[in-house]
Amino acid sequence: WLKPLSLHNPLTKPTVVPPSSRLETMAVQFYDAEFKEGFKVTSVKDVEADKFITAFAQHLKRQGRFEIPKWADVVKTAKFKELPPNDPDWLYVRTASMVRKIYIRGG
């Protein structure tokens, strides 16, 4: 496998890289290209729960792949509740919350 050319010296020749470290080399190259100085890498665990859930719920709504069922405006969220949720987009929020929970717990 060929190692990518260095951006600092375009005259360097490619070198042979063993297949085991090929992915590591590619990962480092793309990581360096994507995150330059001044950027902080964050994961879902680094972001506050309410900010992530709100942003991801908006993303799900904008995507349009997730369809709200007709019964969503009359369903209760627990057996001890008397009324359905007030928020018309509650299903997007619930889905975003479950996505975060599954990601953090590794399920």
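Residues numbered from 1 in each chain as written. Predicted model: local features only at pLDDT ≥ 70, side-chain atom pairs only at ≥ 80, totals over all residues. Heavy atoms only, no water.

### A look at the overall build of the protein chain
Consideration 1: Regarding its fold elements, the protein chain presents three helices and zero strands.
Consideration 2: Helices and strands in the protein chain line up, N terminus first, as α-α-α.
Consideration 3: Within the protein chain, the proportion of its 107 residues that are buried is 12%.
Consideration 4: Across the protein chain, the fraction of contacts at a sequence separation of at least 24, relative to all contacts at a separation of at least 6, is 44%. (Helix = DSSP H or I, 4+ residues; strand = E, 2+ residues; numbered from the N terminus. Buried < 20%, exposed > 50% of the residue type's maximum accessible area, 1.4 Å probe, protein only. Contact = heavy atoms within 4.5 Å.)

### Focus on the confidence of the model for the protein chain
Consideration 1: Residues at a pLDDT of 70 or more form 61% of the protein chain, whose mean pLDDT is 75.
Consideration 2: Per-element confidence in the protein chain ranges from a low mean pLDDT of 56 for helix 1 (residues 19-34) to a high of 93 for helix 3 (residues 90-105).
Consideration 3: Of the regions scoring below 50 in pLDDT, residues 1-6 engages in 17 contacts with residues more than four places distant in sequence or in other chains. (pLDDT = per-residue confidence, 0-100.)

### Examining the nonpolar core
Consideration 1: Membership of the largest hydrophobic core is limited to seven residues, which are V44, F52, I53, A57, L60, Y92 and A96.
Consideration 2: Taken together, the elements giving at least two residues each to this core come down to helix 2 (49-63) and helix 3.
Consideration 3: Sorting elements by how many residues they give to this core places helix 2 first, with four residues.
Consideration 4: Each residue touching A96, except ones within four places of it in the same chain, is listed here: F52, I53, F56, A57 and L60. (Core = buried A, V, L, I, M, F, W, Y, C linked by side-chain atoms within 4.5 Å.)

### Remarks on the packing of helix 2 against helix 3
Consideration 1: At a minimum axis distance of 8 Å, the contact between helix 2 and helix 3 shows a crossing angle of 120 degrees. In terms of orientation, helix 2 and helix 3 fall into the oblique class. Taken as a pair, helix 2 and helix 3 cross one another with a handedness that is right-handed. For the pair helix 2 and helix 3, the contacting residues are A49, F52, I53, F56, A57, L60 and K61 in the first and Y92, V93, T95, A96, S97, V99 and R100 in the second.
Consideration 2: A breakdown of the residues in the contact of helix 2 with helix 3 according to their chemical character gives ten nonpolar, two polar and two charged. (Axes fitted to C-alpha atoms, helices over the stretch in contact; angles between N-to-C directions. Parallel < 35°, antiparallel > 145°, perpendicular 65-115°, else oblique. Left-handed = near helix turned anticlockwise from the far one by under 90°. Nonpolar A, V, L, I, M, F, W, Y, C, P; charged D, E, K, R; others polar.)

### Observations regarding the pattern of salt bridges
Consideration 1: As enumerated under the stated definition, the model contains one salt bridge in all.
Consideration 2: Across the pair D89 and K61 runs a salt bridge whose closest N-O atoms are separated by 2.7 Å. Here the residue D89 occupies a position in the loop between helix 2 and helix 3, and K61 occupies one in helix 2, the gap between them amounting to 28 residues. (Salt bridge = Lys/Arg side-chain N within 4 Å of Asp/Glu carboxyl O.)

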